[in-house]
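# Working through the structure, step by step
Here's the letter readout for the chains.
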Amino acid sequence: MADSLHLWLRQEASAVEERAPVVPGDAAALVGSGIAVTVEEAPQRAFAAQEYAAAGCRIVPAGSWPDAPPDTVVIGLKEPSAQTWPLRHRHVFFGHAYKGQAGGRDALRRFVAGGGTLLDLEAMVDDSGRRVVAFGYWAGYAGAALAVLQHRGALDRPLRSTSRDELDARLRGPSGPGRALVIGALGRSGRGALEALQVAGMPATAWDVEETRTLDHDALLGHDILINTIVADRPGPPFLTHADLDRAGRTLRTVSDVTNDVTSDANRLPVNDKVTTWAEPVRRLHREPPVLDMVAIDNLPSLLPRESSTTFSGDLTPYLRGLPDDPVWVRCRAAFEEAVARQDATDD
């Protein structure tokens, strides 16, 4: 029931995470429907605490969520901290714990130890298995934009968050030669990537399931930029191998790994085994000519925090009203319980 639901928007642990899963305008709508909303202070968040206070939310110090009442639903984007204490609440965030990712087993153990539940944002799917909330569009947009700027020698270091208007103004600068390939072009991230490339005036090739069923490596390596946006839940043939990097005729110079499944068994870009950072957004994978650079930021939508948060919050808010009984949340809980059961079976 809405009158008994208490949502707690916590501060993100990362100092460069400026997004919010719920923006002030949507928080006001939740409060107006009888849901209690508590918001932690977070200096790095793109939306000031005063905006949430004006929306009717209670403001509390950063990091105070562990002392929230047991029936509180704690909402964030990334894991709440690198600590190991048990988690006793229902938590909503991107867990990255169900596909063999590094740290996933430890994260699940924290919930088991505390009796809490992970309602993983990535597991929010409709009855056909399609995700209902995601930052994908803006991840693709930002990933393609960074790849273009790197290709042109115009990528800032360190990265700083910006607005779409400012980013588009940079993309519309001198285009120069180049051709990009987007893999996963029909998904949210792929569509965002293609739009950013259009703004940049860069010709783009769009591949999805059919085009990658039998991979044409020569065609892939014949592009200047590769943007990987595919979502894979199981291992498959790699798009780019270490042997490809040594190909003398390779045109490819820049890769943007939007998916960034670097520690997952489902990683389709095994040449990328670690993320890059806002301080050092590019890693050179191949130093001898022809060089190849990798952009692998794991929170790309934070480049455009207000735009990406507003879109995401608009999708998420209707489901928050339905906690915990909406079928989407029931499926989230089932996914968590299945993951715990699999882990218990392998631990025995």
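As a reminder, the structure under discussion sits directly above these lines.
Below is a short write-up of the structure. (Residues numbered from 1 in each chain as written. Predicted model: local features only at pLDDT ≥ 70, side-chain atom pairs only at ≥ 80, totals over all residues. Heavy atoms only, no water.)

## Here we look at the overall build of the protein chain
Across its full length, the protein chain holds 11 helices and 12 strands. Taking 2.2 N^0.38 as the reference for a compact globule, 348 residues should give roughly 20 Å; the C-alpha atoms of the protein chain span a radius of gyration of 21 Å, in line with that estimate. With the C-alpha coordinates aligned to their principal axes, the bounding extent of the protein chain is approximately 65 × 50 × 35 Å. Every one of the 348 residues in the protein chain was classed for burial, and the buried ones make up 50%. Only carbon and sulfur atoms are counted for the fraction: they give 52% of the accessible area of the protein chain, which is about 15100 Å². (Helix = DSSP H or I, 4+ residues; strand = E, 2+ residues; numbered from the N terminus. Rg over C-alpha atoms; globule rule 2.2 N^0.38 Å. Buried < 20%, exposed > 50% of the residue type's maximum accessible area, 1.4 Å probe, protein only. Areas by Shrake-Rupley, 256 points an atom, 1.4 Å probe, with all protein chains shown as cover.)

## Observations regarding the sheet that holds strand β12 (residues 292-295)
The strands making up a sheet are joined through hydrogen bonds of the backbone, oriented either antiparallel or parallel. On the basis of which strands lie adjacent, the open sheet formed by 6 strands has the order β8-β7-β9-β10-β12-β11 and mixed pairing. Among the strands making up the open sheet, the edge pair consists of β8 (204-207) and β11 (282-286). The average angle at which neighbouring strand axes cross in this sheet is 20°, direction not considered. Relative to β12, β11 is paired through 4 bridges, and the arrangement is antiparallel. Bridge pairing in β12 places Arg283 opposite Met294. Together, β9 (225-228), β10 (254-257), β11 and β12 form the strand contacts of helix α4 (residues 136-151), whose direction differs from that of β10 by roughly 160°. Seen against the sheet, helix α6 (residues 188-200) touches β7 (180-183), β8 and β9 and runs at an angle of roughly 165° to β7. (Pairing = 2+ DSSP bridges. Axes fitted to C-alpha atoms, helices over the stretch in contact; angles between N-to-C directions. Contact = heavy atoms within 4.5 Å.)

## Details of the pattern of salt bridges
Under the definition given, this model contains 14 salt bridges. Across the pair Arg170 and Asp156 runs a salt bridge whose closest N-O atoms are separated by 3.1 Å. Here Arg170, found in helix α5 (residues 164-171), pairs with Asp156, found in the loop between α4 and α5; they are 14 residues apart in sequence, far enough to count as distant. We classify Arg170 as partly exposed; its relative accessible area is 34%. For Asp273, the salt bridge is made with Arg283, and the minimal N-O distance between the two is 3.6 Å. With Asp273 in the loop between β10 and β11 and Arg283 in strand β11, this pair connects stretches of sequence that are 10 residues apart. Among the charged side chains, a network of salt bridges with common partners joins Arg164, Asp168 and Glu195. (Salt bridge = Lys/Arg side-chain N within 4 Å of Asp/Glu carboxyl O.)

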